[in-house]
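# Inside the fold
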2 protein chains.
Amino acid sequence: MNDPVIEYWFDFASPYSYLSTAHIDTLARLRGVRVLWRPLLLGPIFRAAGWQASPFLQQPAKFAWMWTDLARQCARHALPWRKPSQFPRNGVLPARIALAHAEAPWIASFCTRVFELNFVDDADIDDVDAMRRLLAELGQPADAALASAQSPEVKQALRAQTEQGAQRGLFGAPSFFVGDALYWGNEQLEDALDAAIHRR
Amino acid sequence: MNDPVIEYWFDFASPYSYLSTAHIDTLARLRGVRVLWRPLLLGPIFRAAGWQASPFLQQPAKFAWMWTDLARQCARHALPWRKPSQFPRNGVLPARIALAHAEAPWIASFCTRVFELNFVDDADIDDVDAMRRLLAELGQPADAALASAQSPEVKQALRAQTEQGAQRGLFGAPSFFVGDALYWGNEQLEDALDAAIHRR
């Protein structure tokens, strides 16, 4: 009997991953479920479907609705929200940092703050200075963390992680794996956590 | 102060509309919310986005996941489920019947049974004999109901209703309107019902 575990796959550009990131750490801790943080880049996955970027861009009505829905859901959960002036934002640098430090005790805080930069502060997230400030706020040696995040090994590992997600059937974010079972979308987060408990 | 009302927009080809249809009548009655049944045809809406049919068909991984997710959700809700051998099924005839009889006291039962034909019995739903049997089971004069459903007025009204949905921002199904506020997806059904109560 193992400890219950959930894999959380997310992209810092994904607005619905902002919702999941805001809640997963608390919801998982309350249930005694361990979260494995799995940043990926949705770009290659969407391009494989023939799209330039987010599938929401394929239907103007759906894209317009998405912003309305996010504002509504954030209001319901008392989460701060500002519609970003750029979408989707490039999040390669924070994804590399998150991958390089996925086991760090500050990973949940780091990811939460990157999502807040994007969806509350409307700020560039693929920015070395912004990441350095954020790491320093978390009490981390920023230069060392940035250097390891930008190593060839981590760059390759992020490509490999994205490819592994696609091979396991992932097609968007947020996504949650419990073993081989894939849950997709913020509204399936609690189902996935419950499944993690029943599976162990 | 008006009675709370929700508009339920659905397509008989839509598997997630099967889930909503199975629950909306009971959930709305418990809250004292009146349901306005709004069948539409998603085909023209999806073709406007450049697709032949369902957006799920745009990503093979998402399409494969959809069937897994539906089986899982039906199991959780103790709803019968069989993956249909044809997807999406043409549902023009039942949509016309539902539109012509949207105010009938048997509309919820009719819609539920059409969805069960598609997603439990794996049967053709655009079939005059099947619809005649179903109407007879509901104690209705089947030939008269079929005749009115196939009148030029009803055919045109279904096209107009679909067009009205698109103009109001609808992009998929199941969808729920509470006033001008659009809720999309089966998992937003209860949010929409709650909004209907708070809005009245």
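Residues numbered from 1 in each chain as written. Chains lettered and ligands numbered in written order. Predicted model: local features only at pLDDT ≥ 70, side-chain atom pairs only at ≥ 80, totals over all residues.

Moving on, we come to the relation of the copies chain A and chain B. Mapping chain A onto chain B leaves a residual RMSD of 0.0 Å; the transformation is a rotation of 180 degrees accompanied by 0.0 Å of translation along its axis. What we have between these two chains is a two-fold relation. Closest to the rotation axis within chain A is the C-alpha of Glu-187 of chain A, separated from it by 3.6 Å. (Least-squares fit on C-alpha atoms with pLDDT ≥ 70 in both.)

Here we take up the interface of chain A and chain B. Each partner contributes residues to the interface: chain A has 13 residues there, and chain B has 12 residues. Mapped by element, the contributors of at least two residues to the side of chain A that touches chain B are α3 (60-76) and β4 (181-184) of chain A. For the side of chain A that touches chain B, the element with the most residues is α3 of chain A, which contributes 4 residues. Partitioning the side of chain A that touches chain B into residue classes produces 7 nonpolar, 4 polar and 2 charged. (Contact = placed C-beta atoms within 7 Å. Helix = DSSP H or I, 4+ residues; strand = E, 2+ residues; numbered from the N terminus. Nonpolar A, V, L, I, M, F, W, Y, C, P; charged D, E, K, R; others polar.)

With that out of the way, let us pick up the pairing of strand β3 (residues 175-178) of chain B. Residue and element names in this part refer to chain B. Side chains Ser-175 and Phe-177 of β3 all project onto a buried face; the interleaved residues Phe-176 and Val-178 project onto the opposite face, where all are buried too. Here 3 bridges tie strand β1 (residues 5-10) to β3, and the two strands are oriented antiparallel to one another. Bridging from a neighbouring strand, Trp-9 pairs with Ser-175 of β3. Counted along the chain from β3 to the antiparallel partner strand β4 (residues 181-184), the turn is 2 residues long, and its residue Gly-179 has a positive phi close to 65 degrees. (Buried ≥ 20, exposed ≤ 12 C-beta atoms within 10 Å, placed from the backbone. Pairing = 2+ DSSP bridges.)

Another point: the packing of helix α1 (residues 15-31) of chain B against helix α9 (residues 189-199) of chain B. Residue and element names in this part refer to chain B. Orientation of α1 relative to α9, taken along the N-to-C sense of each, is 25 degrees, at an axis distance of 11 Å. When the axis of α1 is compared with that of α9, the two are roughly parallel. Considering how the two elements wind past one another, α1 and α9 form a crossing that is right-handed. Counted together, Ser-20, His-23, Ile-24, Leu-27, Ala-28 and Arg-31 of α1 and Leu-189, Glu-190, Leu-193 and Ile-197 of α9 form the full contact between these two elements. Of the residues in the contact of α1 with α9, the class split is 6 nonpolar, 2 polar and 2 charged. (Axes fitted to C-alpha atoms, helices over the stretch in contact; angles between N-to-C directions. Parallel < 35°, antiparallel > 145°, perpendicular 65-115°, else oblique. Left-handed = near helix turned anticlockwise from the far one by under 90°.)

A few words now on unusual backbone geometry. All names here are of chain A. The omega angle of the peptide bond from Ala-173 to Pro-174 is 0 degrees, so this bond is cis rather than trans. Within the secondary structure, Pro-174 is located in the loop between α8 (152-167) and β3 (175-178). In the Ramachandran plot, Ala-78 falls in the positive-phi region, its phi being about 55 degrees despite a non-glycine side chain. Within the secondary structure layout, Ala-78 lies in the loop between α3 and α4 (92-100). For Ala-78, a count of 6 C-beta atoms within 10 Å corresponds to the exposed category.

Mean pLDDT over chain A: 95, with 99% of residues reaching 70 or higher. Here the complex is predicted with pTM 0.94, and the ipTM for its interfaces comes to 0.92. (pLDDT = per-residue confidence, 0-100.)

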